[in-house]
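# Commentary on secondary and tertiary structure
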Amino acid sequence: MNIDNTNDISSPPTPIHPAPNEELTNGVPTNTLLADSNIDLNPDLYEEEEMDIEEAKSNIVDEIPPENLTSNDPALQPQTGNAFNDNINDATTNADSDLEDVEINQLHQITLPFNESYQLLKQEFQNTLTNLGQSQITSAQQSKLINYIDETLLQIQRKFIKQQTESEINYSLIQLLQELSTVISVIWVSIQQKSVLYGQIEYYIKILGDLEDYVNNYKTLFNETWSKNNNLHINMQNLVIFFKFWQKIDLQLSFLIDGYNIVLNNGNQQTKLIKMNVTELTRLLPIVTRLRIAIISKIDGLRMRLKKNQENNNDNDATSNILTIFELEISRLFEGILERS
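These figures come from a predicted structure and were not determined experimentally. (Residues numbered from 1 in each chain as written. Predicted model: local features only at pLDDT ≥ 70, side-chain atom pairs only at ≥ 80, totals over all residues. Heavy atoms only, no water.)

## Some words on the packing of helix α3 (residues 139–164) against helix α5 (residues 200–217)
- α5 packs onto α3 with a crossing angle of 10 degrees between their chain directions and a minimal axis gap of 11 Å. Taken together, the axes of α3 and α5 lie roughly parallel to each other. Residue-level contacts link I146, I149, D150, L153, I156, Q157, F160 and Q164 of α3 to Y203, K206, I207, D210, D213, Y214 and N217 of α5.
- Taken together, the residues that form the contact of α3 with α5 break down as 8 nonpolar, 3 polar and 4 charged. (Axes fitted to C-alpha atoms, helices over the stretch in contact; angles between N-to-C directions. Helix = DSSP H or I, 4+ residues; strand = E, 2+ residues; numbered from the N terminus. Parallel < 35°, antiparallel > 145°, perpendicular 65-115°, else oblique. Contact = heavy atoms within 4.5 Å. Nonpolar A, V, L, I, M, F, W, Y, C, P; charged D, E, K, R; others polar.)

## Brief notes about α5
- If you check α5, its first and last C-alpha atoms are 26 Å apart, about what 18 residues at 1.5 Å a residue would give, namely 26 Å.
- Those residues of α5 that sit buried are Q200, I201, Y203, Y204, I205, I207, L208, D210, L211, E212, Y214 and V215.
- At its buried positions, α5 is contacted by α3, α4 (173–191), α6 (236–258) and α7 (278–311). (Expected span 1.5 Å × (residues − 1). Buried < 20%, exposed > 50% of the residue type's maximum accessible area, 1.4 Å probe, protein only.)

## Brief notes about the packing of aromatic side chains
- All chains considered together, the criterion is met by 15 aromatic pairs.
- Among the aromatic side chains, those forming a connected cluster through ring pairs are F222, F242, F243, F245, W246, F326 and F334.
- It is R305 that lies over the ring of W226; its NZ or CZ is 4.1 Å from the centre.
- The ring of Y118 is capped by R340, whose NZ or CZ atom sits 5.0 Å from the centre of that ring. (Phe/Tyr/Trp six-rings, centres within 6.5 Å; stacked < 30°, edge-to-face > 60°. Lys NZ or Arg CZ within 6 Å of the ring centre and 35° of its normal.)

## Some words on the confidence of the model for the protein
- Chain-level pLDDT for the protein is 76 on average; 65% of the residues reach the 70-or-more range.
- Scored below 50 in pLDDT, residues 2–8 shows 3 contacts in the model against residues more than four places distant or in partner chains.
- In the predicted structure, residues 61–105 sits below a pLDDT of 50 and forms 93 contacts with residues beyond four places in sequence or in another chain. (pLDDT = per-residue confidence, 0-100.)

## Observations concerning the packing of α4 against α5
- In the contact formed by α4 and α5, the axes pass within 11 Å of each other and the chain directions differ by 170 degrees. With respect to α5, the axis of α4 lies roughly antiparallel. Here α4 contributes L173, L176, L177, L180, V183, I184, I187, W188, S190 and I191 to the contact with α5, which in turn contributes Q200, Y203, Y204, I207, L211 and Y214.

## Let's talk about unusual backbone geometry
- A positive phi angle, close to 60 degrees, is found at N223, a residue other than glycine.
- Examined against the element boundaries, N223 turns out to sit in the loop between α5 and β1 (225–226).
- You can call N223 partly exposed: its relative accessible area is 28%.
- Look at F334: it is not a glycine, yet its phi comes out positive at around 55 degrees.
- As for its placement among the helices and strands, F334 is situated in the loop between α8 (317–331) and α9 (335–339).
- Look at F334 and you get buried, because its relative accessible area is 0%.

## Focus on the nonpolar core
- Ranked by internal contacts, the top residues of the largest apolar core, which has 77 residues, are L176, L208, L211, F222, F242, W246 and L284.
- When residues of this core are traced back to their parent elements, those giving at least two are α2 (114–132), α3, α4, α5, α6, β3 (260–263), α7 and α8.
- No other element matches α6, which puts 14 residues into this core.
- With sequence-adjacent residues up to four places away left out, W246 is seen in contact with L177, L208, L211, V215, L291, I295, L333 and F334. (Core = buried A, V, L, I, M, F, W, Y, C linked by side-chain atoms within 4.5 Å.)

The structure is reproduced here in structure tokens:
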């Protein structure tokens, strides 16, 4: 072939471009933006993650002796097939209810006073140590426990990120706190083994740091709504879950700040004090302070709106009681940690 012969070479036609003053409309989608589209590029991603988490849970249950899973938390009682089921979900309901429908007049506080709860925690911890005896978690069990916690925290974070791209609430802050509560219970059970810590305090600090981001980005704390008549609709069980969660963390971290003694396995019955060190406490306090401010700021929005209803002669016993509950529970947020700062 003679390459100089241009007649033997065919070239594709030149595409027609619009003139500078012409608008191109054909082939361009309208009324839809990629950011607004609910496009799942990998629909099996979250399903696979959940299967991995369940497998990790099962492995931990197989490795840790049943007597080591002793706790008053029902989510951690030995169960057939899965010892880490979050039974708290059974006590909650997804239906929103009006304040008058939940007999709020019978509810005056959600959490117990800190000192009373703290003494109960210390007694439970001591009783658990007595029951465990010399049974300790092995290095292999520690690794599996760490893998489970890492995977679960990552899954929670991904659910949160996915929720931020959606207009409807499919993964509320209350659901997130329930899942985190199970992780925290697992961490606490590992501490009850009365052995040298291997990263548990770091997990508490990480979880609180993540919670600062979660609380600031959720529009509602309790998944509450307001009616057209400006009446608050709220599931009171969500308030119980919310405030008990924060006291649970406060109690456990206060205990770690105070410290506890373990018996060294050296035949001499020597003891060692295990407690949060100065560096960890220095990292913890600013996070707790900012998180407390964020929570109070969100609740203050509800309180101001409820007080405005009272001024407009819409006062009732339910409104007065929920304002009292808010005031009391806010005063108990991170009470133990702040007293030790």
